[in-house]
Amino acid sequence: MKISVVIPLYNKINSFKSTVQSVLSQTYENFELIIVNDGSTDRSETILETLNDDRIKLINIKNSGVAVARNKGIELASSNYVCLLDADDLWLPEHLCNINLLISKYPECSLYSSCFCEILETGDKFLGKNSYPHNYLGIVNDFYIEYSRSRSLINSSSVCLNKKMFNKIGGFPAGIKLGEDIYVWLRMAMLGKMAYSNSPQVIIRRNAENRTVNRVSNDILYHVTHFTEKKYHQSDFNFYQLNSLNQFLIKNIFVNALFSLSIDDEITFTKYLKAMKTLSTYNYYLLQLLGKFSSPRALKLLKKIRNNIQSM
């Protein structure tokens, strides 16, 4: 079975070649690689001139943002199963092999993913905890709850999408820079289950150039806004899904609100506080209390609390 791979590209000249090579080095070789050059100005795309592989397709578009670039690549994909990879991240050799095994066992899932580790801005490595054994290859029982517990469950460089189901949600929301990917995972989980390999086969390079987290400030994550402002039909969820989604949102808002406090970003903190009020009165007042009495010394403690919550 052929798997499609989509890489959105914008000004990644320092990391892009190693990213592409990590795809070409996969032990599973039946894939197409669609690279959507989103109007790069540093000539990142010229790196492909040194790579001779018929599986590579380069699509050039005017700069429109990562959501549009991903949507374009997925539209052009010839397979119903589309793996995403950011242009500064890496795959280890068995990633596509594991994804293929998951698809073969569970062809009707909406999402597939491999465990990933992160190289942080400091250069340290981080591997999030989860409840599955190292060799786990199977279904995630409650996606929203498991996603709230682990930073290593799903990412825009570890995910494989069921294209038919992806088309039903209308794709990645254009023009959004924060949380557009999480929004898609949450929506896709409404349509089908997720299959997961707990073998770490993806490396997220947080210390690479031009990461979104380094460019955007004073803004709330899109998925938080979407779901807390009720821009969806509760009838789309059964009782257990809705309860699990709300648990995910409460924890996710709490984590990101604490991060906003820890970097002294009161504007974003206030936005998260407002979002929390729609979901949980108790956590709203708790966040309000933390915001009111936080001090420069307490901000360091908040970072530790945030990290502990995220790993629970």
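Residues numbered from 1 in each chain as written. Predicted model: local features only at pLDDT ≥ 70, side-chain atom pairs only at ≥ 80, totals over all residues. Heavy atoms only, no water.

This paragraph deals with the packing of aromatic side chains. Describing an aromatic ring pair means giving the distance of the ring centres and the angle of the ring planes. Summed over the entire model, instances satisfying the criterion amount to 11 aromatic pairs. An angle of 75° between the planes, with centres 5.9 Å apart, marks the rings of Y81 and Y112 as edge-to-face. With a gap of 31 residues between them, Y81 in strand β4 (residues 81-84) and Y112 in strand β6 (residues 111-119) connect regions that are remote in the sequence. As far as the burial class goes, Y81 and Y112 line up, both buried. Relative to F248, the ring of Y147 has its centre 5.0 Å away and its plane inclined at 15°; by these criteria the two rings are stacked. One end of the pair, Y147, is in helix α4 (residues 143-149); the other, F248, is in helix α8 (residues 239-262), and 101 residues separate them in sequence. (Phe/Tyr/Trp six-rings, centres within 6.5 Å; stacked < 30°, edge-to-face > 60°. Helix = DSSP H or I, 4+ residues; strand = E, 2+ residues; numbered from the N terminus. Buried < 20%, exposed > 50% of the residue type's maximum accessible area, 1.4 Å probe, protein only.)

What follows concerns the packing of helix α9 (residues 266-277) against helix α10 (residues 281-293). Helix-helix packing: each pair is described by the crossing angle between the helix axes and the interaxial distance. Two numbers describe how α9 lies on α10: the axes approach to 8 Å, and their chain directions differ by 160°. When the axes of α9 and α10 are compared, the pair comes out roughly antiparallel. The interaxial crossing formed by α9 with α10 has left-handed handedness. Residues F269, L273, M276 and K277 of α9 touch α10, and the partners they reach there are N283, Y284, L287, Q288 and G291. Considering only residue class, the contact of α9 with α10 consists of five nonpolar, three polar and one charged. (Axes fitted to C-alpha atoms, helices over the stretch in contact; angles between N-to-C directions. Parallel < 35°, antiparallel > 145°, perpendicular 65-115°, else oblique. Left-handed = near helix turned anticlockwise from the far one by under 90°. Contact = heavy atoms within 4.5 Å. Nonpolar A, V, L, I, M, F, W, Y, C, P; charged D, E, K, R; others polar.)

Mapping S110 onto the fold places it in the loop between α3 (95-105) and β6. The spatial distance from the C-alpha of S110 to the C-alpha of G192 is 4.8 Å, given a sequence separation of 82 residues.

In this section: the state of the cysteines. Think of a disulfide as a covalent bridge from one cysteine sulfur atom to another cysteine sulfur atom. Counting across every chain of the model gives zero disulfides. The thiol of C115 is not disulfide-bonded; the next cysteine sulfur, from C117, is found 7.6 Å away. Judged by its relative accessible area of 2%, C115 falls in the buried class. (Disulfide = S-S within 2.5 Å.)

With that settled, the discussion passes to the pairing of strand β1 (residues 3-9). Along β1, seven of the seven residues are buried, which leaves the element largely enclosed by surrounding structure. Residue alternation in β1 divides its side chains into two sets, I3, V5, I7 and L9 and S4, V6 and P8, and both sets are buried. Here β1 runs beside strand β2 (residues 31-38); their pairing, made up of seven bridges, is parallel. Bridge assignment links I7 to a residue of β2, and that residue is I35. Note that β1 and β4 share three bridges and pair parallel. Bridge pairing in β4 places S4 opposite V82. (Pairing = 2+ DSSP bridges.)

This next bit is on the pattern of salt bridges. Tallying each qualifying case throughout the model produces eight salt bridges. Linking E118 and R151 is a salt bridge whose minimum nitrogen-to-oxygen distance equals 3.0 Å. Of the two residues, E118 is situated in strand β6 and R151 in the loop between α4 and β9 (159-162); the sequence distance between them amounts to 33 residues. Look at R151 and you get partly exposed, because its relative accessible area is 24%. In this structure, E146 and R149 form a salt bridge, with 3.9 Å as the shortest nitrogen-oxygen distance. (Salt bridge = Lys/Arg side-chain N within 4 Å of Asp/Glu carboxyl O.)

Before going further, it helps to examine the pairing of β2. The buried count for β2 comes to eight of eight residues, which makes it a mostly enclosed element. In β2, alternate side chains face the same way, and those of F31, L33, I35 and N37 on one face and E32, I34, V36 and D38 on the other are all buried. The parallel pair β1 and β2, bridged by helix α1 (residues 16-24), forms a crossover whose chirality is right-handed. (Right-handed = clockwise from strand over helix to strand, strands pointing away.)

A separate point is unusual backbone geometry. One non-glycine residue with positive phi stands out, namely R43, at about 60°. Tracing the sequence through the fold places R43 in the loop between β2 and β3 (56-61). Despite not being glycine, D264 has its phi angle at roughly 60°, a positive value. By relative accessible area, D264 is classed as exposed at 55%.

In terms of nonpolar packing, the biggest core is built from 40 residues, with F143, L161 and W185 touching the most fellow members. Take this core: its biggest share by element is eight residues, from helix α6 (residues 180-191). Not counting residues up to four positions away in its chain, the partners in contact with W185 are L84, L111, F143, Y147, I154, N155, S156, V159, L161 and F172. L9, W91, I103 and C160 belong to the second largest nonpolar core, which has 32 residues in total. (Core = buried A, V, L, I, M, F, W, Y, C linked by side-chain atoms within 4.5 Å.)

The next point concerns the packing of α8 against α9. Interhelical geometry of α8 versus α9 gives an angle of 160° and a closest axis separation of 8 Å. Taken together, α8 and α9 sit at an angle that is classed as roughly antiparallel. As α8 runs across α9, the sense of the crossing is left-handed. Packed against α8, whose contacting residues are I250, I253, F254, N256, A257, S260 and L261, the element α9 presents T268, F269, Y272, A275 and M276 at the interface. Its residues assigned to classes, the contact of α8 with α9 comprises nine nonpolar, three polar and no charged.

So far we have only geometry, and geometry alone does not tell us how the molecule works.
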